Amino acid sequence: MSLPADYHMHTWLCRHAVGEPVDYAARAVALGLKEIAFTDHSPMPKYFDYWRMLLEDLSTYVEKVRVAQKQFPNLVIRLAMEVDYLPGGEDWVRELAKMYPWDFFIGSVHYVSDTWAVDDPKELSKWKERDPYEVWEAYFDRLGMAAQSGLFEIIGHADLPKKFGIYPKRDCTAMFERFLDIAKKSGVALDINTAGLRKDCKEIYPSPAFMKLAAARQIPITFGSDSHDPIEVAMGFDKAVEMVRGLGYTHYCRFEQHRRLDTKIGD
């Protein structure tokens, strides 16, 4: 079986990963992938946190992806970014979109407030100060805003708050369904992200239960390893493919200059 395109990969330029774009491309070729995309964490207008690309490195990022494209002409390599959705920050995302000919943006939520990224291990102690249900609710409210914004083709790791294995005691189905109804109406795809298998939650983002609700709505999907090291390219894709096929998915999508390309899984 041919592996699907890996649409979620980071490089050393995001300051918490390792490897050059050419290293990830070489790994993808060795695995038999036909297509990949680089999606480093987008910069902010000024210093924001320690785990994203600096604005002055953006041109370097694009240049290094172009080098990988030239060195691996038989591998389709998309130029993209993972962009944080922050309420009130929409104009900055629009500005970023005009800077280079991006193929797509992944819209992700990490921050549930101005200062707290729920997946940051350095801020794990903040979970002890909050009701997990309230955190998840704030997260999915923002995720719905991201989907509704029209700024993104893909929504990243949709149940990210489970990263550390902290779950609400209350049923979250209603909040999932609210978000998924927005995602369906907005036409965004969901990132089937295998990084969760490597975290405390030991589960793909989003969960099978979440994706059952998404499948019922026929929401499109992409696949991403969220690799921060070349060795992680396409890691866990066998499990991801098995999961979505079990839910009835036969196709996933790719993007070229923001145009969605539906592709049969296994082709």
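This section reports on the structure supplied with the text. Quick caveat: nothing in here was measured; it's all calculated off a predicted structure.

1. Some remarks on unusual backbone geometry
Geometrically, the link from Y205 to P206 is a cis peptide bond, its omega value of -15° lying close to zero. In this structure, P206 sits in the loop between β5 (189-193) and α6 (208-216). Even without being a glycine, Q218 presents a positive backbone phi close to 55°. Mapping Q218 onto the fold places it in the loop between α6 and β6 (221-224).

2. Things to note about the sheet that holds β6
What holds strands together in a sheet is hydrogen bonding between their backbones, with the strands either parallel or antiparallel. Reading across from one edge, β1-β2-β3-β4-β5-β6 is the order of the six strands in this open sheet, with parallel pairing throughout. Two strands bound the open sheet, and with one partner strand each, they are β1 (35-41) and β6. For β1 and strand β2 (residues 76-84), the ladder comprises seven bridges, and the chain directions are parallel. For A37, the partnering residue across the bridge sits in β2 and is R78. Those strands touched by helix α2 (residues 58-71) are β1 and β2, and its axis lies near 155° from that of β2.

3. So, the layout of surface pockets
Each pocket or cavity is described by its volume, and for the largest pocket that value is around 390 Å³. Lining of the largest pocket is provided by 20 residues; of these, H16, D119, K163, K199 and H228 occupy positions nearest its centre. Residues that form the lining of the largest pocket fall into these classes: six nonpolar, six polar and eight charged. One number sums up the size of the second largest pocket: a volume of about 160 Å³. What lines the second largest pocket is simply S42, M44, P45, K46, Y47, F48, V83, D84, L86, G89, W92 and V93. Among the secondary structure elements, those contributing two or more residues to the lining of the second largest pocket are β2 and α3 (90-97). Looking at the lining of the second largest pocket residue by residue, the class counts come to eight nonpolar, two polar and two charged.

Conventions adopted
Residues numbered from 1 in each chain as written. Predicted model: local features only at pLDDT ≥ 70, side-chain atom pairs only at ≥ 80, totals over all residues. Heavy atoms only, no water. Helix = DSSP H or I, 4+ residues; strand = E, 2+ residues; numbered from the N terminus. Pairing = 2+ DSSP bridges. Contact = heavy atoms within 4.5 Å. Axes fitted to C-alpha atoms, helices over the stretch in contact; angles between N-to-C directions. 1 Å grid on protein atoms, 1.4 Å probe; cavity = no way out; pocket = protein on both sides within 12 Å on 5 of 7 lines; lining within 4 Å. Points joined across faces, edges and corners; volume = space filled by probe spheres on them. Nonpolar A, V, L, I, M, F, W, Y, C, P; charged D, E, K, R; others polar.

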